[in-house]
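Here is what each chain is made of, one letter per residue.
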Amino acid sequence: MTEPLPSDVAEVLDALLDGDDPVHLALRAQVPHLRVSGRCTCGCGTAYFEFNAAAVQPAPSGPSTVVVADAQICTESGDCPGEVLVFAQDGYLSWLEVCSWSDEAEVTLALAQRTLRR
């Protein structure tokens with residue numbers, strides 16, 4: 001079952017796909033067409049996408065699965081316990097992943113949002 005793109009996912013995609021990079025520009029054009037096809041069950045916020053690829057053009061990111069954007073996730077104390085990554089597959093947004101580098105801090109999409117707003 002798919003759901004419309006939640007605002008937390010849209011906000012992080014917007015922050016990570018900023019600038020004039022041709023790949024980012026093409027991927028930003030895909031965002032209004034995204035739907036979430038699944039979320040990680042651990043609560044991290046990782047989201048998997050689906051949409052009608054005929055509605056948009058592929059980004060010039062190549063014919064495989066690649067990381068098209070990433071950022072470290074940092075706490076207010078300055079620790080960086082993880083990262084958030086955007087993946088594209090064959091030029092289309094595929095998923096947004098929230099990764100933890102340790103078990104000592106809870107790494108979530110909400111923490112990524114706060115980090116990217118700074």
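On a predicted model such as this, the values are computed, not experimentally measured, just so you know. (Residues numbered from 1 in each chain as written. Predicted model: local features only at pLDDT ≥ 70, side-chain atom pairs only at ≥ 80, totals over all residues. Heavy atoms only, no water.)

Mind showing me how you'd approach the pairing of strand β3 (residues 47–50) here?
Alternating residues of β3 divide into Ala47 and Phe49, all buried, and Tyr48 and Glu50, none buried. With four bridges joining them, strand β2 (residues 35–39) and β3 adopt antiparallel strand pairing. Bridge pairing links arginine 39 to alanine 47 in β3. In terms of strand pairing, β3 meets strand β6 (residues 92–100) through two bridges, oriented antiparallel. Counted as the bridge partner of alanine 47 is leucine 96 from β6. (Buried < 20%, exposed > 50% of the residue type's maximum accessible area, 1.4 Å probe, protein only. Helix = DSSP H or I, 4+ residues; strand = E, 2+ residues; numbered from the N terminus. Pairing = 2+ DSSP bridges.)

It is not clear to me how the packing of aromatic side chains should be interpreted in this structure. Could you clarify?
Describing an aromatic ring pair means giving the distance of the ring centres and the angle of the ring planes. Summed over all chains, the structure comprises three aromatic pairs. For the ring pair tyrosine 48 and tryptophan 95, a centre distance of 6.5 Å and an interplane angle of 40° mean the geometry is tilted. With tyrosine 48 in strand β3 and tryptophan 95 in strand β6, this residue pair connects regions lying 47 residues apart in the sequence. By relative accessible area, which is 37% here, tyrosine 48 ends up partly exposed. In textbook terms, an aromatic cluster arises when at least three aromatic residues are bridged by ring pairs, as seen for Tyr48, Phe87 and Trp95. (Phe/Tyr/Trp six-rings, centres within 6.5 Å; stacked < 30°, edge-to-face > 60°.)

What is the right way to look at the environment of leucine 96 in this model?
Looking at the secondary structure, you find leucine 96 in strand β6. Residue leucine 96 is classed as buried on the basis of its relative accessible area of 0%. Taking C-alpha positions, leucine 96 is 7.8 Å from valine 9, a pair spaced 87 residues apart along the chain.

Can you walk me through helix α3 (residues 109–117) in this structure?
Structural remark: α-helix, 3.6 residues per turn; residues separated by three or four positions point the same way. Of all the residues in α3, the buried ones are Leu109, Leu111, Ala112, Gln113 and Thr115. As for α3, its buried residues are in contact with α1 (7–16), β2, β4 (65–73), β5 (82–89) and β6. (Contact = heavy atoms within 4.5 Å.)

How should the packing of α1 against α3 be read in this particular structure?
Two quantities define a packed helix pair, namely the angle between the axes and the distance from one axis to the other. For the pair α1 and α3, interaxial distance at closest approach is 10 Å and the crossing angle is 40°. In terms of axis orientation, α1 runs oblique to α3. When the axes of α1 and α3 are compared, the crossing they make is left-handed. Contacts between α1 and α3 involve Asp8, Val9, Glu11, Val12, Ala15 and Leu16 from the first element and Leu109, Gln113, Leu116 and Arg117 from the second. (Axes fitted to C-alpha atoms, helices over the stretch in contact; angles between N-to-C directions. Parallel < 35°, antiparallel > 145°, perpendicular 65-115°, else oblique. Left-handed = near helix turned anticlockwise from the far one by under 90°.)

Just to check I follow, could you spell out the sheet that holds β4 for this structure?
By definition, the strands of a sheet pair up through backbone hydrogen bonds, in either a parallel or an antiparallel sense. Strand order across the open sheet formed by six strands is β1-β2-β3-β6-β5-β4, with antiparallel pairing between neighbours. Each edge of the open sheet carries a strand with a single partner, namely β1 (3–4) and β4. As judged from the eight bridges shared by β5 and β6, these two strands associate in the antiparallel manner. Paired with glycine 82 across the two strands is serine 100, which belongs to β6. Against the sheet, α3 makes contact with β2, β4, β5 and β6, and its axis sits at roughly 75° relative to β4, the strand it touches most.

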